[in-house]
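What the coordinates show
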Amino acid sequence: MPANKAKNNEMRLPRHVAIIMDGNGRWAEKRFLPRVAGHKAGVDSVRAAVTICGELGIEALTLFAFSSENWARPAEEVSLLMELFLSALEKEVKKLHKANVRLRIIGDLSRFNAKLRSRIADAEALTAGNTGLRLFIAANYGGQWDIAQAARRLAARVQQGELALEGITPEALEAEVCLADAPKPDLFIRTGGEHRISNFLLWQLAYTELYFTDTLWPDFDAEQFKKALADFSRRERRFGKTGAQVRSEDKA
Ligand code: IPE
Ligand code: IPE
Ligand code: MG
């Protein structure tokens, strides 16, 4: 039975969930706290999301931690976010490893300092052999950057004479964008009330089911996550076909 089909009355789960964790700043501001307090509180929600995905046997979870546009924030917030990223990596990686999680950071890492880059490499190496949840953290990630870097790699192969111009196809590009070796995201969640994809996974989100909630990321707990999963399980995914076609395939 395909993983995205379930028996009657069994909840149909996504194989891959991708989340824009938004609303940390507003969560803190509502409490008259500095914005960084919201980012710190958001780490607890990350832990909760990872735990529930592990428990449910969801294959992959991608979390947007820092966008390529977030460098435009006040320098103090950017540097506090970097510190938090580094300390979360140092604190959480052993626990992730114990939980059999395989961690990878996606994005343009060249802009991070050497210390952060080496921590990232260590964390990825430590967890590379794990067979449980695949956790992708998008850091200095932009969907447009991702498509451009994929195009650049294909162009290099054309230049080397390894690939014909006609070889630049959606399938070839698909193999070069980030997350190519994971199932396509089935469910996208954005917390914090904004109804936009910003510059997240632009290529990969074709046909992903979109779920938006006003809940601010630090308040997004296991119960909220399950609500999103329940909503997903009621969606009919048609991929261009008619509803009748899909329903007759499901019965087969
Ligand atoms: C998301 O929360 C976290 C990051 C972008 C790092 P925000 O910091 O964007 O929170 P709001 O949107 O200002 O509330
Ligand atoms: C999106 O949040 C990026 C992350 C959650 C890391 P933002 O709060 O930066 O999004 P926009 O720019 O307002 O759309
Ligand atoms: Mg925001």
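Above this note sits the structure.
Since this is a predicted model, take the numbers as computed values, not measurements.

A tally of regular secondary structure across the chain gives eight helices and six strands. The N-to-C order of helical and strand elements in the chain reads β-α-α-β-α-β-α-β-α-α-β-β-α-α. What you see for the chain is a C-alpha radius of gyration of 19 Å, in line with the 18 Å of a compact globule of 252 residues. Overall, the chain is about 55 × 55 × 35 Å in size when its C-alpha atoms are taken along their principal axes. Counting over 252 residues, the chain shows a buried share of 44%.

Let us look at the site of ligand 2. Residues in contact with ligand 2, as listed here, are Ile20, Met21, Asp22, Phe64, Ala65, Phe66, Ser67, Asn70, Arg73, Arg190, Arg196 and Ser198. With respect to ligand 2, the side chain of arginine 196 contributes an N or O atom lying 2.7 Å from an oxygen atom. Against a free-state accessible area of 390 Å², the protein chains account for coverage of 79% of ligand 2. Take the shell around ligand 2: its biggest share by element is four residues, from strand β2 (residues 60–67).

Moving on to the sheet that holds strand β3 (residues 102–106). Sheet strands pair by backbone hydrogen bonding; their relative direction is either parallel or antiparallel. Taken in spatial order, the six strands of this open sheet run β3-β4-β2-β1-β5-β6, and their pairing is parallel. In this open sheet, the two strands that pair with only one neighbour each are β3 and β6 (209–212). Averaged over all adjacent pairs, the angle separating strand axes in this sheet is 20°, with direction ignored. Inspection of the sheet shows strand β5 (residues 187–190) paired to β6 by four bridges, in the parallel sense. Across the sheet, the residue bridging to arginine 190 is phenylalanine 212, located in β6. Contacting β2, β3 and β4 (134–141), helix α3 (residues 75–98) runs over the sheet at an angle of about 160° to β3.

Once that is clear, we can look at unusual backbone geometry. One non-glycine residue, asparagine 100, lies in positive phi territory at about 70°. Mapped onto the fold, asparagine 100 is located in the loop between α3 and β3. For asparagine 140, which is not a glycine, the phi torsion comes out positive at approximately 45°. The topology assignment puts asparagine 140 in strand β4.

Taken across its eight residues, β4 has eight buried, putting it largely inside the fold. Pairing analysis gives seven bridges linking β2 to β4, with the strands arranged parallel. For leucine 63, the partnering residue across the bridge sits in β4 and is isoleucine 137. Direction of pairing for β3 relative to β4: parallel, over a ladder of five bridges. Note on β4: the bridge partner recorded for arginine 102 is arginine 134. For the handedness criterion, the β-α-β arrangement of β3, helix α4 (residues 114–127) and β4 is classed as left-handed.

The next point concerns the packing of helix α2 (residues 35–56) against helix α7 (residues 222–233). In the contact formed by α2 and α7, the axes pass within 9 Å of each other and the chain directions differ by 55°. Between α2 and α7, the angle falls in the class oblique. Where α2 crosses over α7, the handedness of that crossing is right-handed. In contact with Ala49, Ile52, Cys53 and Leu56 of α2, α7 contributes Ala222, Phe225, Lys226 and Leu229. Of the residues contributing to the contact of α2 with α7, the split by class is seven nonpolar, no polar and one charged.

Nonpolar side chains in soluble globular proteins generally cluster together in the buried interior. Core analysis: the largest hydrophobic core is formed by 40 residues, its most contacted members being Ile19, Leu61, Leu103, Leu135 and Phe225. The element best represented in this core is α3, accounting for eight residues. Those residues in contact with isoleucine 19 that lie beyond four places of it in its chain are Leu61, Thr62, Leu63, Phe64, Ile189, Phe200, Trp217 and Phe225.

Calculation criteria
- Residues numbered from 1 in each chain as written.
- Chains lettered and ligands numbered in written order.
- Predicted model: local features only at pLDDT ≥ 70, side-chain atom pairs only at ≥ 80, totals over all residues.
- Heavy atoms only, no water.
- Helix = DSSP H or I, 4+ residues; strand = E, 2+ residues; numbered from the N terminus.
- Rg over C-alpha atoms; globule rule 2.2 N^0.38 Å.
- Buried < 20%, exposed > 50% of the residue type's maximum accessible area, 1.4 Å probe, protein only.
- Near = heavy atom within 4 Å.
- Polar contact = N/O pair within 3.5 Å; in protein donor to acceptor, adjacent residues only side chain to side chain.
- Areas by Shrake-Rupley, 256 points an atom, 1.4 Å probe, with all protein chains shown as cover.
- Pairing = 2+ DSSP bridges.
- Axes fitted to C-alpha atoms, helices over the stretch in contact; angles between N-to-C directions.
- Contact = heavy atoms within 4.5 Å.
- Right-handed = clockwise from strand over helix to strand, strands pointing away.
- Parallel < 35°, antiparallel > 145°, perpendicular 65-115°, else oblique.
- Left-handed = near helix turned anticlockwise from the far one by under 90°.
- Nonpolar A, V, L, I, M, F, W, Y, C, P; charged D, E, K, R; others polar.
- Core = buried A, V, L, I, M, F, W, Y, C linked by side-chain atoms within 4.5 Å.

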